[in-house]
Amino acid sequence: TTAASAIVRATLEHPLLARARAAATRGDCRREAPVTMCADDGALVEGIVDLAFRESTGWTVVDYKTDAELDGTDALEIYRQQVALYAAMIARATGETATPVLMRV
């Protein structure tokens, strides 16, 4: 539909994704990347990072969410914690800073 096309276009034109495209040309971009970490309590934590890209200031870790109704629910906080955990996993693995971004589409 026209509305869906407009959303896709706006998302792809977002400055964050322009930065990701620039990182991809340098070979510093990962999409749908599996991550695994042993937590401090010994638990194995696994996930799939939607997008992570590296710039001179460190990594940006993006998790896309398309849920129509997030505001006022526990889901939004859970998603924020999820992307923060992914960023922590990448920071631990690379020794570089990693900034989490939850991108609602």
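Reading the values: rules and limits
- Residues numbered from 1 in each chain as written.
- Predicted model: local features only at pLDDT ≥ 70, side-chain atom pairs only at ≥ 80, totals over all residues.
- Heavy atoms only, no water.
- Helix = DSSP H or I, 4+ residues; strand = E, 2+ residues; numbered from the N terminus.
- Expected span 1.5 Å × (residues − 1).
- Buried < 20%, exposed > 50% of the residue type's maximum accessible area, 1.4 Å probe, protein only.
- Arc of directions from axis to C-beta.
- Pairing = 2+ DSSP bridges.
- Salt bridge = Lys/Arg side-chain N within 4 Å of Asp/Glu carboxyl O.

(A) Helix α2 (residues 15-26), seen in detail. Across its 12 residues, α2 extends 17 Å between first and last C-alpha, which sits within 8% of the 16 Å expected from 1.5 Å per residue. If you check which residues of α2 are buried, you get L16, L17, A20 and A23. Looking straight down α2, one finds that the buried residues subtend no more than 110 degrees of arc, so they occupy a single side. Relative to its buried face, α2 has exposed residues pointing more than 90 degrees away, namely P15 and T25. Backbone geometry just downstream of α2 places G27 in the positive-phi region, at approximately 85 degrees.

(B) Up close: the pairing of strand β2 (residues 44-55). Looking at chain direction, strand β1 (residues 29-38) and β2 are connected through nine bridges and run antiparallel. Looking across to β2, one finds that C38 is bridged to L44. The hairpin formed by β1 and β2 contains five residues between the paired strands, and G42 there has a positive phi angle of roughly 95 degrees.

(C) Highlighting the pattern of salt bridges. Scanning the model with the defined rule gives five salt bridges in all. A salt bridge links E96 to R54; the nearest nitrogen and oxygen atoms lie 2.8 Å apart. Taken together, the residues span a long stretch of sequence, with E96 in the loop between α3 (74-94) and β4 (98-104) and R54 in strand β2 at a distance of 42 residues. In this structure E96 comes out as partly exposed when scored by relative accessible area, which is 26%. Residue classification places R54 among the partly exposed positions, given a relative accessible area of 30%. K65 is paired through a salt bridge with D63; the nearest N and O atoms lie 3.2 Å apart.

(D) Seen up close, α3. Over its 21 residues, α3 runs 31 Å from end to end, which matches the ideal 30 Å to within 8%, given 1.5 Å per residue. L76, Y79, V83, Y86, A87, M89 and I90 are the residues of α3 that are buried. What you see down the axis of α3 is that its buried residues fit within an arc of 155 degrees, all on one side. Once α3 ends, the next one or two residues include G95, with phi positive near 75 degrees.

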